[in-house]
Every structure is written in structure tokens, then in C-alpha cells.
Amino acid sequence: FYEPTRPGCYNIREVLIMDYKDYIHSDSRIMLGKPVIKGTRITVEHILSELTAGMEISEIVEAHPSLDKEKVRAAIAYALDVLRNEDVYSLAEKK
């Protein structure tokens, strides 16, 4: 993910040490309780979908004026933390 000369990339070290709790919120009355960026209805899931589709952080910020690079990084940090605390199941096909 991190290429210092490539615009829109981020430093994974910054994501690893980020306190995403300043940016991420979950409330059962907002987006069915999915984690969102505080003060918005933009879900972490939506941000990750856009990253997966190949959008750069700068493009996501441009598409969503209520976001900035830190908030997108917070979404990534949140997802990373969730995965770190999940039980892992094999995705191998059964024969």
C-alpha cells in the first residue's frame, strides 16, 4: 500500500498507531449500527469498498467532502483492529 512517491498512498505505520476511536462511532439508530465516521452516515464498510475498488484516499476524500485523509485512515485502522480480534476460519475449499 505504501509507496512514498505515489500520490494518495498512506504509510501503514501511521495506520497501525492511529487511535481510530476519535473518528469511528457506532449507534443502532445510524446505519443499523454499522460503524460510521463520526458526524456522517459514511460507513467503514463503504470506505473499504471504495479502497477495494481501487480508489485512492485522495479520490475518496474528493468524493465525500465530510471526509479527510485521517478519517479514511481511521476506517482502515478500525477494520485492522476488528480483524486482529476475530477468530480465523479457513477459506480453503472442501474436497
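Quick caveat, the model's predicted, so the values are computed rather than measured.

Rules used in this analysis
- By convention here, each chain's residues receive numbers from 1 onward along its written sequence.
- Thresholds applied to this predicted model are a pLDDT of at least 70 for local features of residues and 80 or more for the giving and counting of side-chain atom pairs; totals over whole chains, interfaces and linings are not thresholded and use all residues.
- Side-chain calculation: all heavy atoms of the structure are included, whereas hydrogens and water are not.
- Only runs of H or I of at least four residues qualify as helices and only runs of E of at least two qualify as strands under DSSP, and these elements are numbered from the N terminus.
- Residue exposure (1.4 Å probe, protein chains only): buried if accessible area is under 20% of the type maximum, exposed if over 50%, otherwise partly exposed.
- In what follows, a contact means two residues having at least one pair of non-hydrogen atoms within 4.5 Å.
- What sets the accessible areas is the Shrake-Rupley method with a 1.4 Å probe; for residues, cover comes only from the shown protein chains.
- For this analysis, a polar contact is any N or O atom pair within 3.5 Å, provided that within protein one partner can donate a hydrogen and the other can accept it, and provided that sequence-adjacent residues contribute only side-chain to side-chain pairs.

Considering the overall build of the protein chain
Okay, so step 1: Within the protein chain, the secondary structure is distributed over four helices and two strands.
Okay, so step 2: Overall, the protein chain shows an N-to-C arrangement of helices and strands of α-β-β-α-α-α.
Okay, so step 3: Put simply, the protein chain has 95 residues, and 33% of those count as buried.
Okay, so step 4: Taking contacts inside the protein chain between residues at least 6 apart in sequence as the whole, the part at least 24 apart equals 43%.
Okay, so step 5: Total accessible area on the protein chain is roughly 7000 Å²; 54% of this is exposed by carbon and sulfur atoms.

As for the side chain of His64
Okay, so step 1: Relative to the assigned elements, His64 resides in the loop between α3 (57–63) and α4 (69–84).
Okay, so step 2: Look at His64 and you get buried, because its relative accessible area is 16%.
Okay, so step 3: Polar contacts involving the side chain of His64 include one to the side chain of Glu50, which spans 3.1 Å.
Okay, so step 4: Excluding residues that lie within four positions of it along the chain, His64 makes contacts with Ile42, His46 and Glu50.

Structural measurements only, silent on function.
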